[in-house]
Each structure stands twice: as structure tokens, then as C-alpha cells.
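Listed below are the residues making up each chain.
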Amino acid sequence: MNMLKGDYMGNKNKMETRNLNLYYKGFQALINVSLPIKENTVTALIGPSGCGKSTFLRTLNRMNDVIDGTRIEGEVLLDEGSIYDAGVDPVVLRKKVGMVFQRPNPFPMSIYDNIAYGPRIHGRKKKDDLNEIVENSLRAAALWDEVKDRLHKSALGLSGGQQQRLVIARVLAVDPQVILMDEPASALDPISTAKLEDLIHQLKSNYTIVIVTHNMQQAARVSDFTGFFLNGEMIEYDVTNIIFTAPRIKRTEDYITGRFG
Amino acid sequence: MKTRLSYYYEKGIKYLLGLIAGTSILILFLIFFLLFREGIGAFHYVGVLDFIFGTKWLPVSEPPYFGALPMIIGSIIVTLGAGIIAIPAGIGIAVFLAEVAPRSVREIAKAVIELLAGIPSVVYGFLGLTVLAPIIKDLLNLPSALTAFTAALVLAIMALPTVVSISEDALDAVPREYREASLALGATRWETTVKIVLPSARSGLMAASMLGLGRAIGETMAVLMVAGNAMIIPHSIFDPVRTITANIAAEMGETVQGGLHYQALFGLGIVLFTITFVINLITDLIFTKTSSVKRGASL
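Residues numbered from 1 in each chain as written. Chains lettered and ligands numbered in written order. Predicted model: local features only at pLDDT ≥ 70, side-chain atom pairs only at ≥ 80, totals over all residues. Heavy atoms only, no water.

Asker: Which parts of the structure should I look at to understand the overall build of chain A?
Answerer: Looking only at helices and strands, chain A has 11 helices and 10 strands in total. Relative to the compact-globule value of 18 Å for 261 residues, chain A shows a C-alpha radius of gyration of 18 Å, a close match. If one aligns the C-alpha atoms of chain A with their principal axes, the spans along those axes are about 55 × 40 × 35 Å. Counting every position in chain A, which comprises 261 residues, the buried fraction comes to 54%. Put simply, of all contacts in chain A between residues at least 6 apart along the chain, 68% involve residues at least 24 apart. (Helix = DSSP H or I, 4+ residues; strand = E, 2+ residues; numbered from the N terminus. Rg over C-alpha atoms; globule rule 2.2 N^0.38 Å. Buried < 20%, exposed > 50% of the residue type's maximum accessible area, 1.4 Å probe, protein only. Contact = heavy atoms within 4.5 Å.)

Take a look at the structure:
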């Protein structure tokens, strides 16, 4: 298992940040963050609240653009092209880099319409196509069997764990390459969390996943690489196994062993 | 001892609040009762159908005629006209304020718009009469500027603050998570607004529209001043009309209390009451239907 994890070192960088600084109205939220994100792996970002890991995640699909007063320096690359170049349309970028939020946020519409929302806005109108996308996405998110008889019922009637898998299916439906997850299990019970973690395992063969988590056991369980953030800096990045067993930096060790955070 | 005291205190507040709530309901019923007691005589004399569908309203002729149809149509035309103008415009402004405008603009604009709601209706009527009516007359080359259209326009302006203010609140209440989820799926802001935000705020927008219409149909003073008040069934929106409210206000002073004319005016009140009641009922039905999706959220 450990050897396997080490093997991912050879994967190419799907995304990468170089000397990334982010300012929010005069406050520097990210300081010089350089981090590779290997293709078809799970990268976990850990650190105490307010350390910048969620902010970092949101720079990867330019969701910070929505917030007034943010400014960015440095580079964020997707397949070696800068995503902050003037020619890049954030709308197109977000189709490639999908995002799952902390609280499950299905739209107040049917399960089917939730999944079909993305494909529809991207121009897929044919009913057969949409049916196929909906089924495949729900299957990929391990939700199909639970909801196949109630596709046209409101998505808000699902449990929290089902809603979160629905949201993942909704992201899969637009066929992204990278999936960003911002504490996706923080509002879920242990059983739903376990299902979600299984799902993340399955998804990485087709997608590149970045997950922010407060739960260090979770980071250890699901990820191949881990980055430790503290006060806006990326303190240490390595193979997950090493971060959790033999971190090079004392502050990482202190955090992981529960001495602060 | 202290717990006993706070127990009575709690009970006291409970009954006090119950009393206040009960009183307001009682007053509503008393109004309802009074309206019917005073107005029912006219229905007896004329007959309900003749009252509603009669086209001649000649209260002082011999014999008198009490056909309210011109006024019912007048009220409906003016109200619908106001709604057709005020609802899309109001929701449009609300979308701009809630989704597009920077925070500073939004705060100022909202305060100003809410201030507009506080202007007395007679002032709107005055402005409509002296400013708006001549412009409409010249622009459309009409013989008289005092028409259903003029009244609808003035009412639309009056209803606008209500529609904007409540719509904006409804849009603002749509969780940020919905917008973020939509944007993160690669939707543009416009797509997000049209396909996610507006449908999510549907019940609030409906309430805004209905309150706007409610303001329009009940309005008396401004309409009396600009609608032209001709007791005819209008052929177009550019004909003068007399609304139910305007007629009650205009004729009430000439009646003898308890007389047939007096009762007929109360009869008009019953008709108006029924129209607003039906509007509210329909809205309520639509509400409960659309909000059943929302209710799932709390499960």
C-alpha cells in the first residue's frame, strides 16, 4: 500500500501553483504557495481553521473571482496553462475543474434536474443524452440504486449523505477533469462519510481530486499526497504516508499529533 | 417562589398576545359583517347577477339603476395594467439590486425606493395629473389624457417600491450556496440568476407581485384623480374608466345613510372585497403548491 502511494510520484502534474499569493482587501490570505497536484491522485489539504486551505482550493477554479476585493499574484496552472490568463474564461475553466462544497447544496428541484442542470447549460438538450448522463453520473457517484425510483422527486428530500453524493454526481455530469472538495464530509454522519470516502477512492482512477479536510484520519485514509497549511503558508507537502508518519517539519508533526489546531 | 412568579408572568404575556391577535381577527370579522349588513340590501333590490353584470349605474334616476360592471371592468383593467408594468419592472430592478449592483449602490437604492413607498397617494395622483397626463396626451395624441392607461401607469409607479423591496428580500434570501454551486458547474452569472436564483425565490416573488397588485386594486385617491372616471365600459386601455374604489369615494358624500344608493356603494365594497379575497386565495393556493418543494428542505 505504501509502495503504491509512492508510485504516484511519477504522475504528471494535472495542476500546479507557483508562488501563489492571494490578498483579500489588504489581508494576505495565501503566502507564496507552490504545490503540485498529480493527475489521478487524491491530494488532501489539512490545517487549522483559517489557515487558507479553502481559499487555496477556491483559487483552483477561480471561485474567489466571485468575491469582491480579492487579488492574486503568482501562477495557477492546469495542464501547464495558466488559468488566470486574460484569455481564460472562468466559466469554461469551471467546467473542467468542478467543486463540491462543505454543506450539501442541491438545488431546490428534482434529483434529475439537479444532475441535468450542468449538461443543459452547456448545451445538451436531447432527452436520451440527458437520461444517459443522469444515470451514468448517479452510478459513478454510487447513488443510482438509492434514487432510481424517485428521480423526479425533490432532491431536498434526500439525506445529507445522499445529497452530498448527489452534488458529486452533479459535478461528474459536466465531465470535469479535476474535482475540488471543500470539507465534503463535515456535515455527514460516520456511515455517510465512509461511503463518501469509498467514492473518492473509486473516482480517482478517472479524475484528479483535491480535498480539504479538518479530519486528519480522513486525509490519511483517502489521499495520496498531503499538503499542510498554516497561517496562509504551505508548510509541508509530501506523500501522505510520510506526512503522517515522518514529517520533516516540526510544526507539521505538532499539528498531526494534536498539539495545536 | 421565583419560578411561580415567572410562571404567571409567562402566562400573562401569553394571554396578552392572544388577546391582541384575537382582537385583530375580531375587527376583521366586524368589518366583514358591517360591509355585508350595509350592502346586502342593494343585492336584494337589484339581484346579485344584475348588480354584477348590469351596465348602467344611475343611482339617482327614477327608477335607479345599479349595474356595477363598468366599474368592475375598470378596476380589473387598471389593476392588471399596473401589474403588467410594475411586476416585471419591479422584479427586474430587484434582480439588478440583488445580483448585479455593488453593495453600496444597493444599500442607497433600496433606502430610496423604500422611501417612495411612504409618499402619500394623493401626491402620486397630483403628479400623475399635472406631469404624466399631459406627456401621455401629447405622446399618444389622445383626446383626453385621463385614461385607464394613465391610471395604470400611476398605480404601477406606486406599486413599484413594494414589488422591488419584497422581491429584493426574496432574492437576497436565496442561499449563497445555490449560486456558488451553479457557478462552479460552469454556469454564467446570468444563467445562475435565471435558472437558479429566480426559481428559488419564486414564492417570495409571487408575494411581492400580489402585494403590489393589492396596493393597486385598493388604491383610491390617485385613481380618482387620473382615471377620467367615465361610467362606461372601456373599449381600449386609452378610454377613461371609473374604478370601484373611485366610485365609492366620489359618491359616498351624496348618499343618505341607509338609503338604497348608500347600500349599493356598500355592495360595491363587497364586490371589491370578494375580488381581493379571490386573488389572495389563488395566490395562497399557488404558494402552498410551490413551497412544497421548499418544505422538503427542513426534513
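Asker: Even after reading the chapter, I still don't get the side chain of Ser121 of chain B, so can you show me in this structure?
Answerer: All names here are of chain B. For Ser121, the location among the structural elements is in helix α5 (residues 121–140). With a relative accessible area of 18%, Ser121 lands in the buried category. Only 3.2 Å separates the side chain of Ser121 from the side chain of Glu219, close enough to count as a polar contact. Apart from the residues lying within four places of it in its own chain, the contact partners of Ser121 are Met158, Glu219, Met221 and Ala222. (Polar contact = N/O pair within 3.5 Å; in protein donor to acceptor, adjacent residues only side chain to side chain.)

Asker: Hey, could you run me through the pattern of salt bridges in this one?
Answerer: A side chain with one charge can pair with a side chain of the opposite charge if their charged atoms come near. Counted by the stated rule, this structure contains 29 salt bridges over all chains. With its nearest N and O atoms 3.1 Å apart, the salt bridge here joins Lys14 of chain A to Asp79 of chain A. With Lys14 of chain A in strand β1 (residues 13–24) and Asp79 of chain A in the loop between β4 (70–78) and β5 (81–82), this pair connects stretches of sequence that are 65 residues apart. In this structure, Lys110 of chain B and Asp169 of chain B form a salt bridge, with 2.6 Å as the shortest nitrogen-oxygen distance. Of this pair, Lys110 of chain B sits in helix α4 (residues 103–116) while Asp169 of chain B sits in helix α6 (residues 148–172), placing them 59 residues apart in sequence. Using a relative accessible area of 40% as the deciding quantity, one classes Asp169 of chain B as partly exposed. What you see here is one network of salt bridges that share partners, running through Arg106, Lys110, Glu114, Glu168, Asp169 and Asp172 of chain B. (Salt bridge = Lys/Arg side-chain N within 4 Å of Asp/Glu carboxyl O.)

Asker: How do you make sense of the interface of chain B and chain A when you look at a structure like this?
Answerer: Many structure descriptions define interface size as the accessible area lost when the parts assemble. Each partner contributes to the interface: chain B provides 19 residues, whereas chain A provides 25 residues. Taking both partners together, chain B and chain A bury about 2000 Å²; carbon and sulfur atoms supply 66% of that area. Here chain B and chain A share two salt bridges between them. Arg58 of chain A is the partner of Glu180 of chain B in a salt bridge, and the nearest nitrogen-oxygen pair spans 2.8 Å. Our enumeration of links across chain B and chain A arrives at four residue pairs in polar contact (both at pLDDT 80 or more). Residue assignment for the side of chain B that touches chain A shows that the elements contributing at least two residues are α7 (176–184) and α8 (189–200) of chain B. With seven residues, α7 of chain B is the largest single contributor of residues to the side of chain B that touches chain A. Its residues placed into classes, the side of chain B that touches chain A shows nine nonpolar, six polar and four charged. (Buried area = accessible area lost by both parts, 1.4 Å probe. Nonpolar A, V, L, I, M, F, W, Y, C, P; charged D, E, K, R; others polar.)

Asker: Just checking my understanding: could you explain the domain arrangement of chain B for this structure?
Answerer: All names here are of chain B. When its domains are assigned, chain B resolves into domain 1 (2–42) and domain 2 (65–298). Averaged C-alpha coordinates put domain 1 and domain 2 at centres separated by 30 Å. Listed by partner, the interface residues are nine residues for domain 1 and nine residues for domain 2. Across the interface of domain 1 and domain 2, roughly 800 Å² is buried in total on both sides, 81% from carbon and sulfur atoms. Looking only at domain 1, the three residues that lose the most surface to domain 2 are Leu35, Glu38 and Ala42, adding up to 58% of its buried area. (Domains from an automatic or database assignment.)

Asker: Whenever I open this one, α6 of chain B confuses me. Can you help?
Answerer: Residues and elements named next belong to chain B. Given a rise of 1.5 Å per residue, 25 residues ought to cover 36 Å, and the 34 Å separating the end C-alpha atoms of α6 matches this to within 8%. At Ala159, α6 is deflected by roughly 35 degrees, the largest bend along its length, and proline Pro161 occurs up to four residues later in sequence. Across the 25 residues of α6, 19 count as buried, placing the element largely inside the fold. (Expected span 1.5 Å × (residues − 1). Bend = angle between axes of the 7 residues up to and from the residue.)

Asker: I keep staring at the packing of helix α3 (residues 69–100) of chain B against helix α9 (residues 202–218) of chain B and nothing clicks. Help me out?
Answerer: Relative placement of two packed helices is described by the angle separating their axes and the distance separating the axes. All names here are of chain B. One can describe the packing of α3 onto α9 by two numbers: an axis separation of 9 Å at closest approach and a directional angle of 140 degrees. Here the hand of the crossing between α3 and α9 comes out right-handed. Facing α3, whose interface residues are Thr79, Ala82, Gly83, Ile87 and Ile91, α9 presents Leu205, Ser209, Leu213, Ala216 and Ile217. Considered class by class, the residues forming the contact of α3 with α9 number seven nonpolar, three polar and no charged. (Axes fitted to C-alpha atoms, helices over the stretch in contact; angles between N-to-C directions. Left-handed = near helix turned anticlockwise from the far one by under 90°.)

Asker: Honestly, the packing of aromatic side chains in this entry has me stumped. Any pointers?
Answerer: Given two aromatic rings, their pairing is described by the distance between the two centres and the angle made by the two planes. Under the defined criterion, the tally for this structure stands at 13 aromatic pairs over all chains. On the numbers, 4.9 Å between centres and 65 degrees between planes, the contact of Phe107 of chain A with Tyr117 of chain A is edge-to-face. A residue pair is termed long-range when its members are at least 10 positions apart, and Phe107 of chain A in the loop between β6 (97–100) and α4 (111–121) and Tyr117 of chain A in helix α4 qualify at 10 residues. Here Phe107 of chain A and Tyr117 of chain A have matching classes, each one buried. On the numbers, 5.5 Å between centres and 70 degrees between planes, the contact of Tyr7 of chain B with Tyr8 of chain B is edge-to-face. Here a set of aromatic residues connected by ring pairs shows up, and it is made of Phe43, Phe51, Trp57 and Phe66 of chain B. Here the basic side chain of Arg71 of chain A rests over the ring of Tyr23 of chain A, its NZ or CZ set 4.4 Å away from the ring centre. (Phe/Tyr/Trp six-rings, centres within 6.5 Å; stacked < 30°, edge-to-face > 60°. Lys NZ or Arg CZ within 6 Å of the ring centre and 35° of its normal.)

Asker: Before we go on, may I ask you to explain the pairing of β4 of chain A in this structure?
Answerer: Taken residue by residue, a regular strand's side chains alternate between the two faces of the sheet. All names here are of chain A. Bridge count for β1 against β4 is eight bridges, and the pairing is antiparallel. Counted as the bridge partner of Arg18 is Glu75 from β4. In terms of strand pairing, β4 meets β5 through two bridges, oriented antiparallel. Along β5, the bridge assignment pairs Leu77 with Ser82. Here β4 hands over to β5 after two residues, with Asp79 in that stretch at a positive phi of 50 degrees. (Pairing = 2+ DSSP bridges.)

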